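Structural description and commentary
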Amino acid sequence: MTLLGPGGSGKTRLSQEAAEALGDRAPDGVWLAELAPVTDPAAVPAAVLGAVGARETVLRGAGAEEFRVATERQHEDVLTQLTEYCAPRRMLLLLDNCEHLVGAVAHLAQTLLERCPHLTVIATSREPLGIPGEVLRPVEPLPEPAAVQLFTERAAAVRPGFTPASDPGAVAEICRRLDGLPLAIELAAARLRLLTPRQIADRLDDRFRLLTTGSRTVLPRQQTLRAVVDWSWDLLDARERAVLARLSVFARGCDLAAVEAVCAAPGAPAADVPDVLGALVDKSLVTAAPAADGTMRYRLLETVAEYAAGRLAEEGATAATRRAHLLHYRELARTTDPLLRGREQAAAISLLETEYENLRLALHAAVEAADEQEALCLVLSLAWYWQIRGPRGEALDWAGAAAALGPDPFAEGAPAAEPVAESCTATPLPWTGPVLEEARRGVHLIHLAQMDMDMERWKDPAGRRRLRRVAEIYRPGLPQTCRPPANIWFLAVLFTADIARVHDVVDSTVRTARELGLPWELALSLQNRANLLAHRTDLDGDALADAGEALRIFRELGDGWGAAEALAARAEVLEWYGRYTEAAADYEEATMYATALGARSQTGVLRARMGGLLVESGEPGEAERGEKLLLDIFEQDGPANSEARPAAFLFLAMRYAGTGRVAEARRVVARLRDDFGTGGFVLFDSMIGSVEGWLDALEGRYEESLRRLGQGMDRAFEDLSLLMAPQLPAGHLQTAAWALARRGAAHRSAADLLLAARLAAAVTAALPERGHPSRVERELRAETEGLLAEALADDTFPLDAGALAAARTEGERLSLREGLVLLREAAGPDGGGTSGEGAPAAPGQGEAAPPDRD
């Protein structure tokens with residue numbers, strides 16, 4: 001249904017009242033998408049997607065990275081994401097103020113209604129959307145009794161004790177001549193500070209005669225409302241008109257500082273602006289309401305803003321005012337950015353959240369004007385806010401747009417980076433020399449970071465060349481590589497799969513930050529190194545000590561986000577060592593920090609990690625609590641849980657598989673495949689394949705199990721997978737050994753059991769000296785050994801103790817890659833197996849690498 005009517009007719013209020021009454025028909029919620037601030041038709045799906053849940057946020061939790069990155073989907077098709085979210089739900093969606101985006105909204109609404117059978121849409125607009133199935137509901141003028149009641153209530157607010165009894169005829173005339181439009185009635189009532197009801201009625205008579213004596217066919221319906229605003233405009237002095245016109249450039253309001261910076265005009269100097277603003281508030285042309293931080297925010301009613309924008313254009317001052325708006329919000333972002341790293345972090349986040357629509361307008365203005373330095377400064381100033389709170393897609397889009405305005409700093413032949421002591425945004429514009437070059441590199445690196453899991457992009461020759469250029473431009477020891485965005489350089493080094501250089505880079509970053517006396521940068525570098533060492537037991541270093549020192553520094557600085565990151569890093573290391581109680585305490589504290597920042601996606605990720613930890617602990621009561629946490633995320637998969645779902649789904653599937661609930665595990669794995677695809681991040685795809693192979697074996701489908709495990713192990717040997725999770729191939733091989741032992745026991749095949757013993761021994765030999773095998777690995781290993789022992793104890797089973805001992809000895813000398821070769825042969829061609837007969841001999845001691853996948 002589309003509610004039709006001019007601005008100020010009460011469409012929004014009516015739609016919301018109707019939605020409240022219909023709430024019981026929408027068990028999955030009623031969602032309001034305010035489209036008035038949206039200026040780009042292409043941004044409509046993203047605005048509606050944001051309205052049905054929180055903005056995306058990211059907590060780069062230690063060890064959770066491989067799960068987080070799997071959720072990063074391409075942002076080019078937001079409408080598809082929105083459709084997938086709404087399709088299974090019974091929900092009511094309000095699309096408010098569609099008239100300036102009618103084509104885009106019509107396409108969105110028709111797509112949603114065709115594909116979402118239980119979705120109901122109420123739209124408000126000044127013209128129909130013009131799509132099949134649309135029911136038009138004109139918002140009629142208020143009947144006279146209701147209009148008089150509204151006028152009386154508003155009049156009493158500005159003139160205490162007012163009653164229409166003093167001149168009922170004049171009040172009735174005002175309401176009738178204003179067509180019963182609520183906004184017009186409210187503006188008229190506001191004039192009671194100055195005029196009597198009869199004086200108001202007389203003035204309206206003159207105005208409406210002018211508007212109705214002409215040809216009605218050439219006047220749009222909103223002209224009646226325009227007459228009301230014209231009349232209000234005529235009562236303003238020159239200073240009030242200038243300030244009101246300039247207030248039209250703001251989105252969702254502004255504070256006094258912004259009004260003073262942007263709305264000063266000839267005849268209305270900045271010193272006079274507060275008094276003029278007060279007069280406009282008194283005349284009900286500007287609304288004033290307290291904000292969460294205790295300051296007042298000022299905004300125009302929508303129709304007044306539209307009218308004022310037209311007057312600003314007539315004055316020829318639109319471009320200059322929008323430029324002043326851009327400069328003010330660029331400086332607001334630039335000076336707020338440092339506050340995101342200390343005790344004022346929460347207040348800084350709140351400020352940027354409140355002003356985000358104005359910041360987006362500033363970004364749009366800078367990009368539209370091809371003003372490279374303004375765009376660079378805004379993107380760099382907002383990058384850490386996007387990192388903490390999201391939205392990730394906006395970081396990708398705006399960084400890409402800013403990068404396109406200047407030369408490519410990573411092109412062939414581009415000069416190497418020079419030292420830049422401070423953040424670029426610490427230097428006021430304009431930028432020159434090394435600062436400007438570093439700013440250009442910065443937006444390219446931000447763009448790279450948001451695309452970090454687009455693996456296909458980095459596999460092609462052009463992508464690899466670009467990564468090499470990024471890795472070559474910087475060198476260890478540069479001060480800017482200790483802080484964002486230049487520290488993203490580490491990703492390019494990581495993607496080159498040179499583990500020795502990766503280790504050198506993180507060590508040198510810690511050393512440089514320490515030598516330069518940069519505490520926040522030191523904490524961040526230590527935390528990043530802890531993340532790396534948590535999964536690389538083959539590298540020298542102490543992840544626990546690094547995470548602890550980072551946590552201490554972040555706490556001293558008052559950086560809650562950093563403290564949450566460091567706690568998550570330490571919890572990951574503690575979990576690796578089997579110190580579950582301590583790890584749980586760290587996750588709990590990290591969640592408290594994330595909750596205090598209002599980061600729902602951060603909280604979701606930490607809850608998923610906590611759920612996985614509790615399940616891993618093996619204690620029945622705690623495992624059940626962990627399962628409930630994971631199940632809650634599985635069942636409540638709104639945008640706020642988007643970052644948490646991959647990890648939660650994987651943990652939940654493993655929990656179900658480990659407790660024999662194969663059907664439930666299959667359902668969760670199917671959701672994983674449906675939601676995150678099969679061609680995404682190779683590491684996560686390998687993990688899903690391992691769980692699927694586990695489930696196949698539980699169902700007795702051993703050949704399919706071995707085939708999946710072989711494929712998953714093959715993916716686990718890819719360069720980046722080995723860098724991020726070097727223990728993953730051993731986990732696959734352990735599951736394969738277990739599956740072979742089960743097949744051997746079921747088919748009474750000594751060959752399968754001997755091969756299982758070889759693979760299990762290879763896994764044991766490959767395990768690091770430190771660390772704690774996962775609960776699943778321990779249980780699979782124990783069951784494998786149990787099946788081998790049972791076979792030896794069975795006099796009728798054709799298994800010789802000497803042969804078993806020899807198989808184990810031989811397995812201890814096998815590399816994991818040689819184990820993969822044996823696994824492939826056991827699975828047989830095209831997934832067919834030997835059914836336990838004719839198991840292949842072990843290869844020699846040389847490395848038998850898989851075929852070159854490239």
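Above this text is the structure in question.
Small disclaimer: the values here were computed from a predicted structure and weren't measured. (Residues numbered from 1 in each chain as written. Predicted model: local features only at pLDDT ≥ 70, side-chain atom pairs only at ≥ 80, totals over all residues. Heavy atoms only, no water.)

Focus: the overall build of the chain
A tally of helices and strands in the chain yields 40 helices and seven strands. A total of 854 residues make up the chain; the buried ones form 55% of that total. Counted over contacts in the chain with a minimum sequence separation of 6, partners at least 24 positions apart contribute 72%. Accessible surface, the chain as shown: approximately 34200 Å² in total, 53% of it carbon and sulfur. (Helix = DSSP H or I, 4+ residues; strand = E, 2+ residues; numbered from the N terminus. Buried < 20%, exposed > 50% of the residue type's maximum accessible area, 1.4 Å probe, protein only. Contact = heavy atoms within 4.5 Å. Areas by Shrake-Rupley, 256 points an atom, 1.4 Å probe, with all protein chains shown as cover.)

Examining the pattern of salt bridges
Two side chains that carry opposite charge are able to pair once their charged atoms sit near each other. Evaluated as defined, the whole model comprises 56 salt bridges. In this structure, Glu-692 and Arg-673 form a salt bridge, with 2.9 Å as the shortest nitrogen-oxygen distance. Of this pair, Glu-692 sits in helix α33 (residues 682–698) while Arg-673 sits in helix α32 (residues 662–676), and the two are 19 residues apart along the sequence. Take Glu-692: its relative accessible area is 7%, and that puts it in the buried class. Within this structure, Arg-666, Arg-673, Glu-692, Asp-696, Glu-699, Arg-701, Glu-704, Arg-707 and Arg-708 form a network of salt bridges that share partners. (Salt bridge = Lys/Arg side-chain N within 4 Å of Asp/Glu carboxyl O.)

Topic: the side chain of Ser-690
By secondary structure assignment, the location of Ser-690 is in helix α33. Take Ser-690: its relative accessible area is 14%, and that puts it in the buried class. Residue contacts for Ser-690: discarding those within four places in its chain leaves Leu-709, His-732 and Thr-735.

What about the environment of Glu-699?
Counting through the fold element by element, Glu-699 comes out in the loop between α33 and α34 (702–716). Expressed as a C-alpha distance, the spacing of Glu-699 and Val-662, which sit 37 residues apart in the sequence, is 8.0 Å. The contacts of Glu-699, once residues within four sequence positions are left out, are Val-662 and Arg-666.

Regarding helix α5 (residues 102–115)
In an α-helix, one full turn covers 3.6 residues, which means residues spaced three or four apart are oriented alike. For α5, with 14 residues, the first-to-last C-alpha span of 20 Å sits near the 20 Å given by 1.5 Å per residue. Turning to α5, its buried residues number three or more, namely Ala-104, Val-105, Ala-106, Leu-108, Ala-109, Thr-111 and Leu-112. Looking at the buried residues of α5, the elements they touch are α2 (44–51), α4 (78–86), β3 (91–96) and β4 (119–125). (Expected span 1.5 Å × (residues − 1).)

Description of the sheet that holds β3
Reading across the sheet, the five strands line up as β2-β3-β4-β1-β5 and stay open at both edges, with parallel pairing between neighbours. Since the sheet does not close on itself, it has two edges, and those belong to β2 (30–34) and β5 (136–138), each with one partner. Across the sheet, the mean angle from the axis of one strand to that of its neighbour is 20°, orientation sign disregarded. The pairing of β3 with β4 spans five bridges and is parallel. When the bridges of β4 are listed, Met-91 appears paired with Leu-119. The sheet strands contacting helix α1 (residues 11–21) are β1 (2–4), β2, β3 and β4, and the helix crosses β4 at an angle near 160°. The strands touched by α5 are β3 and β4; relative to β3, the strand with the most contacts, the crossing angle is about 170°. (Pairing = 2+ DSSP bridges. Axes fitted to C-alpha atoms, helices over the stretch in contact; angles between N-to-C directions.)

Remarks on the environment of Gly-278
Tracing the backbone through its elements, the reader meets Gly-278 in helix α13 (residues 273–282). Among the residues examined, Gly-278 registers a relative accessible area of 30% and is labelled partly exposed. As for Gly-278 and Ala-288, which are separated by 10 residues in sequence, their C-alpha atoms are 9.3 Å apart.

Describing the packing of helix α25 (residues 519–534) against helix α26 (residues 543–557)
The interhelical angle for the contact between α25 and α26, taken along N-to-C directions, is 150°, at an axis separation of 8 Å. By the criterion of interaxial angle, the relationship of α25 to α26 is roughly antiparallel. The two elements α25 and α26 cross, and the hand of that crossing is left-handed. Mapping the contact onto sequence places Pro-519, Trp-520, Leu-522, Ala-523, Leu-524, Leu-526, Gln-527, Arg-529, Ala-530, Leu-533 and Ala-534 in α25 and Ala-543, Asp-546, Ala-547, Glu-549, Ala-550, Ile-553, Phe-554 and Leu-557 in α26. Split into classes, the residues belonging to the contact of α25 with α26 amount to 15 nonpolar, one polar and three charged. (Parallel < 35°, antiparallel > 145°, perpendicular 65-115°, else oblique. Left-handed = near helix turned anticlockwise from the far one by under 90°. Nonpolar A, V, L, I, M, F, W, Y, C, P; charged D, E, K, R; others polar.)

Section: unusual backbone geometry
Generally, phi is negative for residues other than glycine and the peptide bonds are trans, each holding for most cases. Residue Pro-430 is bonded to the preceding Leu-429 through a cis peptide linkage, with omega at 0°. Structurally, the position occupied by Pro-430 is in the loop between α19 (392–403) and α20 (433–450). Along the chain, Pro-484 connects to Pro-485 via a cis peptide bond; the corresponding omega equals 0°. Relative to the helices and strands, Pro-485 is located in the loop between α22 (461–473) and α23 (489–495). Positive phi values are uncommon outside glycine, yet Arg-252 reaches one of about 55°. Within the fold, Arg-252 resides in the loop between α11 (238–247) and α12 (256–262). What makes Arg-252 partly exposed here is its relative accessible area of 43%. Phi is positive for Ala-370, close to 55°, though the residue is something other than glycine. Structurally, Ala-370 is set in the loop between α17 (356–368) and α18 (372–389).

What about the packing of aromatic side chains?
Within the structure shown, the criterion is met by eight aromatic pairs. When the centroid spacing of 6.1 Å and the interplanar angle of 70° are considered together, the rings of Phe-151 and Phe-162 count as edge-to-face. Remark: Phe-162 occurs in the loop between α6 (144–158) and α7 (168–177) and Phe-151 occurs in helix α6; sequence separation between them is 11 residues. When its relative accessible area of 0% is taken as the criterion, Phe-151 is described as buried. Centre to centre, the rings of Tyr-356 and Tyr-385 are 5.8 Å apart; their planes meet at 40°, and the pair counts as tilted. Taken together, the residues Tyr-356 in helix α17 and Tyr-385 in helix α18 connect sequence positions 29 residues apart. For Tyr-356, a relative accessible area of 1% puts it in the buried group. Each residue in the set Trp-384, Trp-520 and Trp-561 is aromatic and connected to the rest through ring pairs, giving one cluster. (Phe/Tyr/Trp six-rings, centres within 6.5 Å; stacked < 30°, edge-to-face > 60°.)

Details of the nonpolar core
Core analysis: the biggest nonpolar cluster contains 128 residues, and Leu-244, Leu-247 and Trp-431 have the highest contact counts within it. Here this core takes 12 residues from α18, the largest share from any one element. Once you skip the residues sitting within four places of it in the chain, Leu-247 turns out to touch Cys-254, Val-259, Cys-263, Leu-277, Leu-280, Val-286 and Leu-300. Among the nonpolar cores identified, the runner-up in size contains 70 residues, and Ala-653, Leu-728, Leu-759 and Ala-807 belong to it. (Core = buried A, V, L, I, M, F, W, Y, C linked by side-chain atoms within 4.5 Å.)

Structural notes on the state of the cysteines
Taken as a whole and judged by the stated rule, the model has zero disulfides. Here Cys-424 stays free of any disulfide, with the sulfur of Cys-377 as its closest cysteine sulfur at 9.2 Å. Take Cys-424: its relative accessible area is 8%, and that puts it in the buried class. (Disulfide = S-S within 2.5 Å.)

Focus on the packing of α6 against helix α8 (residues 182–190)
The N-to-C vectors of α6 and α8 enclose an angle of 35°; their axes lie 8 Å apart at closest approach. With respect to the hand of their crossing, α6 and α8 are arranged in right-handed fashion. Residues Ala-147, Leu-150, Phe-151, Arg-154, Ala-155 and Val-158 of α6 form the contact with α8, whose participating residues are Pro-182, Ile-185, Glu-186, Ala-188, Ala-189 and Ala-190. Residues of the contact of α6 with α8, tallied by class, amount to 10 nonpolar, no polar and two charged.

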